[in-house]
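Single-letter residue listing:
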Amino acid sequence: MSFFLYIMTAAWQDGKNRSISGWLLLFFFTHFLTSQICRYMGLADWTWQPAAVWFRGMELQQAPWFLFAGCLIGAVLLFVSRVTEGAVGAGDGLFFLVSGVYLGFWRNLFLFGSALALCSLAGLCILVWGQMKGKDYRKKKLPFLIFTIPAGILLVYM
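Every residue gets a number counted from 1 within its own chain, in the order that chain's sequence is written. Where local features are concerned, this predicted model is filtered to residues with pLDDT of at least 70; where side-chain atom pairs are given and counted, the filter is 80 or more; whole-chain, interface and lining totals use all residues. For the side-chain quantities, the full set of heavy atoms in the structure was used; hydrogens and water were omitted.

A. Summary view of the nonpolar core. Here, the term nonpolar core denotes a set of buried Ala, Val, Leu, Ile, Met, Phe, Trp, Tyr and Cys residues that are joined through side-chain atoms within 4.5 Å. Partly exposed describes any residue whose relative accessible area lies between the buried limit of under 20% and the exposed limit of over 50%, with all areas from a 1.4 Å probe on protein chains only and scaled to the type maximum. Phe3, Tyr6, Phe32, Phe95, Phe96 and Leu111 are the most contacted members of the largest nonpolar core, which has 31 residues in total. Each helix corresponds to a stretch of at least 4 residues labelled H or I by DSSP, and each strand to a stretch of at least 2 residues labelled E; elements are numbered beginning at the N terminus. Of all elements in the fold, only α1 (2-17), α2 (22-41), α5 (72-83), α6 (90-103), α7 (105-133) and α8 (148-157) reach the threshold of two or more residues within this core. No other element matches α6, which puts six residues into this core. If we skip the residues at most four places from it in the chain, Phe96 touches Gly70, Ile73, Gly74, Leu77, Asn108, Leu111, Phe112, Phe144, Leu145 and Thr148. Should any heavy atoms of two residues lie within 4.5 Å, those residues are considered in contact.

B. Spotlight on α5. An expected span of 1.5 Å times one less than the residue number is assigned to each helix. Spanning twelve residues, α5 covers 16 Å between terminal C-alpha atoms, matching the ideal 16 Å at 1.5 Å per step. For α5, the set of buried residues is Ile73, Gly74, Leu77 and Ser81. Buried residues of α5, viewed axially, fall in a sector of 95 degrees; they line one side. What points out from α5, more than 90 degrees from its buried face, is the exposed set Phe79, Arg82 and Val83. The secondary structure elements touched by the buried residues of α5 are α4 (65-70), α6 and α7. Working definition: the arc comes from the directions between the helix axis and the C-beta atoms, pointing outward to the latter.

C. Layout of α2. Here α2 is 20 residues long and its end C-alpha atoms lie 28 Å apart, about the 28 Å a rise of 1.5 Å per residue gives. Taken together, the buried positions of α2 are Leu24, Leu25, Phe28, His31, Phe32, Ser35 and Gln36. Along the axis of α2, the buried positions cluster into a sector of 140 degrees, meaning they face one direction only. Those residues of α2 that are exposed and aimed more than 90 degrees away from the buried face are Trp23, Phe27 and Met41. In this structure Ser21 caps α2, since a side-chain oxygen of it lies 3.2 Å from the backbone nitrogen of Trp23. Here a polar contact is taken to be a pair of N or O atoms separated by no more than 3.5 Å, where protein atoms must pair a possible hydrogen donor with a possible acceptor and residues adjacent in sequence count only if both atoms sit in side chains.

Pasting the structure below:
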């Protein structure tokens, strides 16, 4: 539930403002990190019903270094953003950095790959639509994080 709230809020901000609030990223990074630490150290009972619903879909890390492996996708995106001078948004990299703490490496990779596939499909549809209407949509920019919602729902509720 907390991850679903994170995805929905970030996607809404990305779609509306083409940016994500630093406060949102900081809040959820702190929330996910402290939750993983408490879960790793056994300081919380995750079978208790409200906690089980709130942290549904969280990847239980076997070792603390797995937290950093989950953040690797976001770090790579931030590096690509720096090298390409913003062609890939830094907010997208920060989003996947934070989501990696919650999901772990493989689930975060699934989220990124699914969002990339859906975004590519949507871009292709827009290009074909523009060709049919005689308009040029090649320079149109799409907010990327909106496409994380379907994969995020699958990760949390399946």
